[in-house]
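Read off the chains here:
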Amino acid sequence: MPTSMRGPYGLEIIDSCVSCPYREDRLFCDLPHAALKRLAAITSVSFYPKGATLFVEGQPGRGIFILCTGRVKLSISSLDGKTLIVRLSEPGEVLGLPATVTETPYELTAEVVEPTQANFVSRQDFLGFLREYGEVAVRVAQQLGQTYHRAISEMRTIGLSRSAEEKVARFILTLTADQKSEKGPVKTKLTLTHEDIAQMIGTSRETVTRVFADFRKKNFLTLEGSTLTLKDRAGLERLVQG
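Residues numbered from 1 in each chain as written. Predicted model: local features only at pLDDT ≥ 70, side-chain atom pairs only at ≥ 80, totals over all residues. Heavy atoms only, no water.

A. Layout of the layout of surface pockets. Quantified by volume, the second largest pocket comes out at close to 200 Å³. Taken together, 15 residues line the second largest pocket, and the ones lying closest to its centre are L74, R87, E107, L108 and T147. Of all the secondary structure elements, the ones that give two or more residues to the lining of the second largest pocket are strand 5 (83–89), strand 6 (94–95), helix 2 (97–102) and helix 4 (134–160). Among the elements that take part in the lining of the second largest pocket, helix 4 stands out by supplying four residues, more than any other. Broken down by class, the residue content of the lining of the second largest pocket amounts to 10 nonpolar, three polar and two charged. (1 Å grid on protein atoms, 1.4 Å probe; cavity = no way out; pocket = protein on both sides within 12 Å on 5 of 7 lines; lining within 4 Å. Points joined across faces, edges and corners; volume = space filled by probe spheres on them. Helix = DSSP H or I, 4+ residues; strand = E, 2+ residues; numbered from the N terminus. Nonpolar A, V, L, I, M, F, W, Y, C, P; charged D, E, K, R; others polar.)

Following this line, the structure appears as structure tokens:
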């Protein structure tokens, strides 16, 4: 049975892939029982506070991190210090996958944005795991495909949007995509700062602040603390569609 104990930072402890209560909802974790037992045997359970770094861009890829709870910010940086946030990773994702599979340095920096459980598997153990279980290799290919499609979506947001308003609207629609409701407003937790959002969509913090204020005036949304309430999805969709 899944444990009900709490770990560091008040997180629920998911101490085994076999007993994880969420595994059936997650692409990589929903594996045959034998594969799950083997994965549990090679996995180290780890907890991280907000602001912790899992790995850094350019660091030799030493293994993968299976994100059990919490969220992680993935970013890239230029030589002059500019940062672009590629996306936020959600529970169930495997971080560091391309570098681990191809035995190359991590291509991104992974920073924890809220208390997180991210279990680690070394590169050597993970590659052996892939060779042993073909089903796992298929799931890895599926996740790499999802990552590719997300990257294309981000490129579309940054490169094809005609205005800052459209960029912010696309960001909000993507953020709330899994919470669509025909019965009224939807709420979501916004853990990113305006600076973070600016780094995700290729604009300035001041512009993001201005656009959020404008969206509130138009009654598209409200923002109280870290709770964003999307009140008019159709309005934002019309803005994106031009």
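B. A look at the pairing of strand 10 (residues 221–224). In this sheet, strand 11 (residues 227–230) lies alongside strand 10 in antiparallel orientation, the contact comprising four bridges. Each residue of the ladder has a partner; that of L221, found in strand 11, is L230. Counted between consecutive antiparallel strands, the loop separating strand 10 from strand 11 contains two residues, among which G225 sits at a positive phi close to 65°. (Pairing = 2+ DSSP bridges.)

C. Representation of the packing of aromatic side chains. Evaluated as defined, the whole model comprises six aromatic pairs. Centroid distance F55 to Y106: 4.0 Å. Interplanar angle 15°. Geometry classified as stacked. Of this pair, F55 sits in strand 2 (residues 53–55) while Y106 sits in the loop between helix 2 and strand 7 (109–112), and the two are 51 residues apart along the sequence. Overall, the relative accessible area of 2% leaves Y106 in the buried class. Here F215 and F220 contribute two aromatic rings whose centre-to-centre distance is 5.4 Å and whose plane-to-plane angle is 70°, an arrangement assigned as edge-to-face. Owing to a relative accessible area of 0%, F215 belongs among the buried residues under this scheme. Three or more aromatic residues joined by ring pairs make a cluster, and in this case those are F55, F65, Y106 and F120. (Phe/Tyr/Trp six-rings, centres within 6.5 Å; stacked < 30°, edge-to-face > 60°. Buried < 20%, exposed > 50% of the residue type's maximum accessible area, 1.4 Å probe, protein only.)

D. View of the pattern of salt bridges. This structure, assessed with the given rule, holds 11 salt bridges. A salt bridge links R38 to E132; its shortest N-O distance comes to 3.9 Å. On the criterion of sequence distance, the pair formed by R38 in helix 1 (residues 33–41) and E132 in helix 3 (residues 123–132) is long-range, its members being 94 residues apart. Ionic pairing is found between R139 and E135, a salt bridge with its closest N-O pair at 2.9 Å. One end of the pair is R139 and the other is E135, both in helix 4 and four residues apart, which spans about a single turn. Judged by its relative accessible area of 14%, R139 falls in the buried class. A relative accessible area of 34% means that E135 is categorised as partly exposed. A single network of salt bridges, built from pairs that share partners, joins R71, E90 and E114. (Salt bridge = Lys/Arg side-chain N within 4 Å of Asp/Glu carboxyl O.)

E. Quick peek at unusual backbone geometry. Of note, the phi angle at E103 is positive, near 55°, even though the residue is not glycine. Here E103 lies in the loop between helix 2 and strand 7. Using a relative accessible area of 52% as the deciding quantity, one classes E103 as exposed. Its identity is not glycine, yet N219 carries a phi of approximately 65°, on the positive side.

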